[in-house]
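Topology and contacts: notes
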Amino acid sequence: MTATQTEFHPLTESVQPVFDTVLARSPHEPEFQQAVHEVLGTISPMLEQHPEYVEAGILERLVEPERQIMFRVPWLDDSGKLQVNRGYRIQFSSVLGPYKGGLRFHPSVNLSIIKFLGFEQIFKNALTGQGIGGAKGGSDFDPHGRSEAEVMRFCQSFMSELYRHLGEHTDVPAGDIGVGGREIGYLFGTYRKITNRHESGMFTGKGTGWGGAEVRTEATGYGAVFFAQEMLAVHNESLAGKRVGISGSGNVAIYAIQKAAQLGATAVTASDSSGYIVDDAGIDLDLLRQLKEVERTRIVEYANRRASARFVEGGSVWDVPVDIAVPSATQNELSLADAEALIANGVRAVSEGANMPCVPEAVAAFQQAGVLFAPGKAANAGGVATSALEMSQNASRQRWTFADSENKLREIMADIHDAAFNAAEKYGVPGDYVAGANIAGFQRVATAMLAQGVI
Ligand code: GLU
């Protein structure tokens, strides 16, 4: 929570008590407070016309997760030493469908981060229109530097507790930072063994040979670029010939780079915690994938192996002049100073590939400067939307082709864009995709909550 956030989206009288309760109940959860404040601060124009939501206590209920699970994850490292991590699953809302949301394995994971992610997931998932509730989970386990066997043992221990809370009609996890195809394989395998059920629909992001959907791996990055394309199209602009700046070098970043290139733009940056690379010739995707997915090494190696690239240690990737920015690393990675640098360099659109990567002051700066800005819960919803497509395919034992799945993803992203765009127009904040996404997502959830009663 910051002064600017409070100034930019002051809370109205009807929502202030809800926020005060969050502050009192969760005083040490800054990311969760930030995510709640953004929603409460932007939906007021709609609440004024829908007092029934306020009267029914929809907000009071939504900021309190339906269920919070925290558990011990003990495992033995390769030297035989006992390690203990903490596991989480925050089941926020199941009013629209089974709990749905990824698992994050990263040393920074704590209750605040999982709650902010779970809270955002409610509205993101509602925006997809796919009938999925909101949840998030993970652990403070750090897979970096761990052997294959250690990662497997950790996943097995993690799932040996979490399995009892999951199921295709109950809660369906997927990946997030630190949880990719490898981890999902180990987690799914453990669930299958413990429950004696090959229950495809209880996890998404599976391998395509054993129930996984085409395009799920690519979907978040592709979707964020499709969303940028939709925002530009409103102004009769396109991605062709644009320079795209991307942060991160994980799954979201890699496929945002690929889709940007396929649509005629040039993606010129990528980063990790050690620094960033600039490649004016356009990122060589095969090389980046080799380094990050196969060798699991540092990004400096990219510059060592490619003449057109340079590596910058530390510093900010957002100092590089670009037309479109797709922050795809992690929460609060893009500061006000970064936003000011991007604006000074003439950035036209920002599409958040990660969850909440721009600090509130940066969002305010983009919006005040007239930069097209798409919040993560709309722009990166393609991942979870394609997870829902995977669940449909599992339930009907069908397999869609890559082309069909990608077309469906493109349609869903266009629908999400239109829902956010139209809600912003309708409630007097045209062009404000943050407010539009929050309002459109909230209304779908609130309508279902009203219909299902106080439960
Ligand atoms: N972790 C992703 C997200 O932030 C995907 C969740 C899913 O597919 O369930 O939306």
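You'll find the structure just up there.
Quick look at the structure, then. Bear in mind the structure is a predicted one, so any value in this text is a computation, not a measurement. (Residues numbered from 1 in each chain as written. Predicted model: local features only at pLDDT ≥ 70, side-chain atom pairs only at ≥ 80, totals over all residues. Heavy atoms only, no water.)

**Structural notes on the sheet that holds strand 6 (residues 243–246)**
Operational definition: Strands are labelled as partners when DSSP assigns at least two bridges between them. What counts as a helix is a DSSP run of H or I of at least four residues, what counts as a strand is a run of E of at least two, and both are numbered from the N terminus. Here, two residues are considered to be in contact whenever any of their heavy atoms come within 4.5 Å of each other. Convention adopted: a line fitted to C-alpha atoms gives each axis, helices being fitted over their contacting stretch, and angles between N-to-C directions are expressed from 0 to 180 degrees.
Taken in spatial order, the five strands line up as 7-6-11-12-13 in an open sheet, and their pairing is parallel. The sheet is open, and its two borders are formed by strand 7 (266–267) and strand 13 (372–374), each paired with just one other strand. Here three bridges tie strand 6 to strand 11 (residues 324–326), and the two strands are oriented parallel to one another. Bridging across to strand 11, Ile246 finds its partner in Val326. Strand contacts of helix 10 (residues 216–234): strand 11, strand 12 (349–351) and strand 13, with the helix running at about 145° to strand 12, the strand carrying the most contacts.

**Concerning the site of the ligand**
To keep things clear, this is the line we draw: Put simply, a residue is near a molecule or strand once any heavy atom of it comes within 4 Å of that molecule or strand. N or O atoms within 3.5 Å of each other form a polar contact, as long as, within protein, one can give a hydrogen and the other can take it, and as long as residues adjacent in sequence are counted only when both atoms are side-chain atoms. For accessible areas, the Shrake-Rupley method is used with a probe of radius 1.4 Å. Any residue's cover is judged against the shown protein chains and nothing else.
Near the ligand you find 14 residues, and of these Lys100, Lys124, Asp176, Arg216 and Ser387 are the closest. For the ligand, an oxygen atom lies 3.0 Å from a polar atom in the side chain of Lys136. Side-chain polar atom of Ser387 to an oxygen atom of the ligand: 2.6 Å apart, as the coordinates give it. The protein chains hide 95% of the 290 Å² of surface that the ligand would expose on its own. Secondary-structure elements contributing two or more residues to the shell around the ligand are strand 3 (99–105), helix 7 (111–128) and helix 17 (381–396).

**Considering the packing of aromatic side chains**
Ring pairs (aromatic) are described by centroid distance and by the angle formed between their planes. Spelled out, the test is: Between 30 and 60 degrees the pair is tilted, below 30 it is stacked and above 60 it is edge-to-face, where a pair is any two Phe, Tyr or Trp rings, Trp via its six-membered ring, whose centres lie within 6.5 Å. Type-normalised accessible area, obtained with a 1.4 Å probe on protein chains alone, sets the label of each residue: buried when under 20%, exposed when over 50%, and partly exposed for intermediate values. Here, over-ring charges are defined by two tests on the NZ atom of lysine or the CZ atom of arginine: distance to the ring centre within 6 Å, and angle to the ring normal within 35 degrees.
Under the counting rule described, the total for this entry stands at 19 aromatic pairs. Aromatic pair Phe366 and Phe373: ring centres 6.0 Å apart, planes at 15°, arrangement stacked. The exposure class assigned to Phe366 is buried, which follows from its relative accessible area of 0%. On the numbers, 6.2 Å between centres and 45° between planes, the contact of Phe421 with Tyr433 is tilted. With Phe421 in helix 18 (residues 402–426) and Tyr433 in helix 19 (residues 433–452), the pair connects residues that are 12 residues apart, well separated along the chain. Every member of this aromatic cluster is reached through a ring pair, and the members are Phe71, Trp75, Phe105, Phe141, Phe154 and Phe158. Directly above the ring of Tyr222 sits Lys259, whose terminal nitrogen or CZ lies 4.4 Å from the centroid.

**Considering the pattern of salt bridges**
To keep it simple, the criterion reads: The rule for a salt bridge is simple: a side-chain nitrogen of Lys or Arg has to be within 4 Å of a carboxyl oxygen of Asp or Glu.
Summed over the entire model, instances satisfying the criterion amount to 27 salt bridges. For Lys377, the salt bridge goes to Glu38, with nearest N and O atoms at 2.8 Å. Taken as a pair, Lys377 in helix 16 (residues 376–379) and Glu38 in helix 3 (residues 30–42) lie far apart in primary sequence, 339 residues in all. Across the pair Glu411 and Lys408 runs a salt bridge, and its minimum N-O distance is 3.5 Å. Of this pair, Glu411 and Lys408 both sit in helix 18, three residues apart, roughly one helical turn. In this structure Lys408 comes out as partly exposed when scored by relative accessible area, which is 29%. Because the salt bridges share partners, they merge into one network encompassing Glu38, Glu120 and Lys377.

**A few points about the sheet that holds strand 9 (residues 275–279)**
Within a beta sheet, neighbouring strands are joined by backbone hydrogen bonds and run either parallel or antiparallel to one another. Reading across the sheet, the three strands line up as 8-9-10 and stay open at both edges, with antiparallel pairing between neighbours. Bordering the open sheet on either side are strand 8 (269–272) and strand 10 (309–313), each of which pairs with just one other strand. Strand-to-strand twist in this sheet, taken as the mean axis angle between neighbours without regard to direction, amounts to 20°. Inspection of the sheet shows strand 9 paired to strand 10 by five bridges, in the antiparallel sense. Looking at the pairing, Asp279 lines up with Ala309 of strand 10.

This is a description of form; function is not addressed.
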